[in-house]
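Here are the chains, one letter per residue:
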Amino acid sequence: MTAYYIGLALNTASLLAIGGLGSLFAINNGDFNLAGEGQVYLGGFIAAVFLAAVPNLPAPVAILLALLLTFLAGAFTQTITTLLKWRNSPVLLTSFLLSAAIIPIIDWLVSGPFQAGDSLLATSYIPQNFRLTRLLQPSTLNTTIVFSVIFCVAAWAFLNFTSKGNAFTIAGISGKFASYSGISTKFTDLFSLGISGGFLSLSGAFAILGTYYTCHQGFYGGFGWNALTVALLSRKNPLALIPASLFIGGLVTFTNQFSLMHSIGFDFTGIVEAVILFLIVLVLSRGNIFKRGKK
């Protein structure tokens, strides 16, 4: 195990923690947001195109604006599933269809109107001064890891020590009880799902700022599903996203490298991940299984 692979794993974990926050906010509200793949792609595309278009802006201003735009874009797209939820359509289905609609549109934009002159399937590279600082070269680890920890701690404090955060948690446990308690479930839906889409898009923006520097087709591959996995492992606790992200980030990184070095198909990574997660779920649910058996 070298510093290079450790840096790769930590970088993957930092991105998964931010995306996992998006999935966690939806789960905390009682929903499953399956639009992760599309929203990560959307965030990366907006960040890449915007930053490439404003090379003369001061770096802090440009980066802040890019992150704000991507967050708002992700939140805005998620309002579609929120509105449909209010019409009794399941978020599980509508969010999946939303992602399925976003991905081919951005594929067309990347390979068409926003295609870089020297590339077939990518946008222009963002300017050098907009790129996040590398921390463990030659790996891709960068200052995204600092932001991911800050976001997780802030989300934990919000959900546990504010009235609005408690309201979202109550609404996720029981919408009817929340309504009887005077909590607006429509507001919690709009806010939680909006935050969900925002953080997932934000993770795509950080991937461009610190890792890829351009939005190329397929960079999001598997990221949305791994972010959802991390959120499920954290069991609604934003602080638990940190170890969960380190686990999944390390697992994905090292199984990918093993597949590459031993000429094994990259499906091997998914198989190993599925087996390990199945065993984790089996261990965590063992008590409940035995209790049901006794009844």
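Up top is the structure.
This section reports on the structure supplied with the text. Just so we're clear, the structure is a prediction, and the values are computed from it rather than from any experiment.

With that settled, the discussion passes to the overall build of the protein. Scanning the protein for helices and strands turns up 12 helices and 0 strands. Reading the protein from its N terminus to its C terminus gives the helix and strand order α-α-α-α-α-α-α-α-α-α-α-α. Taking all 295 residues of the protein together, the buried fraction comes to 48%. Considering only contacts in the protein between residues 6 or more positions apart, those separated by 24 or more positions represent 75%. Surface exposure of the protein reaches about 14,400 Å², of which carbon and sulfur atoms provide 70%.

Residue pairs spaced three or four apart in an α-helix point in one direction, given the helix's 3.6 residues per turn. When the terminal C-alpha atoms of helix 5 (residues 144-161) are compared, their 25 Å separation across 18 residues agrees well with the 26 Å that a helix rising 1.5 Å per residue should span. By the burial criterion, the buried members of helix 5 are Thr144, Ser148, Cys152, Ala155 and Leu159. Each buried residue of helix 5 lies within a common arc of 80° when the element is viewed along its axis, so the set occupies one face. Exposed positions of helix 5 whose direction lies more than 90 degrees from the buried face are Ile150 and Phe161.

Here we come to the nonpolar core. Membership of the largest hydrophobic core comes to 59 residues, with the highest contact counts inside it found for Tyr41, Leu51 and Cys215. Secondary structure elements with two or more residues in this core: helix 1 (3-28), helix 2 (36-53), helix 3 (59-86), helix 4 (91-111), helix 5, helix 8 (185-212), helix 9 (223-234) and helix 10 (241-261). In terms of residues, this core owes the most to one element, helix 8, which gives 9 residues. When sequence neighbours within four positions are dropped, the list of residues in contact with Tyr41 reads Ile103, Ile106, Asp107, Val110, Cys215, His216, Gln217, Gly218, Phe219 and Tyr220.

Another aspect to go through is a nonpolar patch on the surface. A surface patch of nonpolar side chains, amounting to about 330 Å² of accessible area, comprises Val61, Leu65, Leu68 and Leu72. Turning to its location among the elements, Val61 is positioned in helix 3.

On to the pattern of salt bridges. Following the criterion strictly, the structure yields 2 salt bridges and no others. Taking the shortest distance from any N to any O, the salt bridge between Asp31 and Lys85 comes out at 2.8 Å. Of the two residues, Asp31 sits in the loop between helix 1 and helix 2 while Lys85 sits in helix 3, which places them 54 residues apart along the sequence. Notably, a salt bridge pairs Lys85 with Asp189, separated by 2.9 Å at the nearest N-O pair. Of this pair, Lys85 sits in helix 3 while Asp189 sits in helix 8; the two residues are 104 residues apart in sequence, bridging distant segments of the chain. By sharing partners, the salt bridges in this structure join Asp31, Lys85 and Asp189 into a single network.

Direction vectors running N to C along helix 5 and helix 8 enclose 170°, while the axes themselves pass 12 Å from each other. If you check the angle between helix 5 and helix 8, you find them roughly antiparallel. Contacts between helix 5 and helix 8 involve Thr144, Phe147, Phe151 and Phe158 on the former and, on the latter, Phe191, Phe199, Leu202 and Phe206. Of the residues belonging to the contact of helix 5 with helix 8, the class tally is 7 nonpolar, 1 polar and no charged.

Further remarks concern the environment of Gly218. Inspection of the secondary structure assignment puts Gly218 in the loop between helix 8 and helix 9. Relative accessible area serves as the criterion here: at 39%, Gly218 is assigned to the partly exposed category. Along the primary structure Gly218 and Asp107 are separated by 111 residues, whereas in three dimensions their C-alpha atoms are 8.4 Å apart.

The first and last C-alpha atoms of helix 9 sit 17 Å apart over 12 residues, in line with the 16 Å expected at 1.5 Å per residue. Of all 12 residues in helix 9, 9 are buried; the element is thus mostly enclosed. Taken as a whole, helix 9 has its buried residues at Phe223, Gly224, Asn226, Ala227, Leu228, Thr229, Val230, Ala231 and Ser234.

Before going further, it helps to spend a moment on the packing of aromatic side chains. Counted by the stated rule, this structure contains 19 aromatic pairs. Above the plane of the ring of Tyr213 lies Arg131, whose end atom (NZ or CZ) is 4.4 Å from the centre. Over the aromatic face of Trp86 sits the side chain of Lys186, whose NZ or CZ is 5.2 Å from the ring centroid.

As a further point, take the side chain of Gln39. Turning to its location among the elements, Gln39 is positioned in helix 2. Residue classification places Gln39 among the buried positions, given a relative accessible area of 0%. Ignoring sequence-local partners within four residues, the contact set of Gln39 consists of Asn33, Gly74, Thr77, Gln78, Leu98, Gly197, Leu200 and Ser201.

Reading the values: rules and limits
- Residues numbered from 1 in each chain as written.
- Predicted model: local features only at pLDDT ≥ 70, side-chain atom pairs only at ≥ 80, totals over all residues.
- Heavy atoms only, no water.
- Helix = DSSP H or I, 4+ residues; strand = E, 2+ residues; numbered from the N terminus.
- Buried < 20%, exposed > 50% of the residue type's maximum accessible area, 1.4 Å probe, protein only.
- Contact = heavy atoms within 4.5 Å.
- Areas by Shrake-Rupley, 256 points an atom, 1.4 Å probe, with all protein chains shown as cover.
- Expected span 1.5 Å × (residues − 1).
- Arc of directions from axis to C-beta.
- Core = buried A, V, L, I, M, F, W, Y, C linked by side-chain atoms within 4.5 Å.
- Patch = residues over 30% accessible without salt bridge, like charges linked within 9 Å, V, L, I, M, F, W, Y side chains within 5 Å.
- Salt bridge = Lys/Arg side-chain N within 4 Å of Asp/Glu carboxyl O.
- Axes fitted to C-alpha atoms, helices over the stretch in contact; angles between N-to-C directions.
- Parallel < 35°, antiparallel > 145°, perpendicular 65-115°, else oblique.
- Nonpolar A, V, L, I, M, F, W, Y, C, P; charged D, E, K, R; others polar.
- Phe/Tyr/Trp six-rings, centres within 6.5 Å; stacked < 30°, edge-to-face > 60°.
- Lys NZ or Arg CZ within 6 Å of the ring centre and 35° of its normal.

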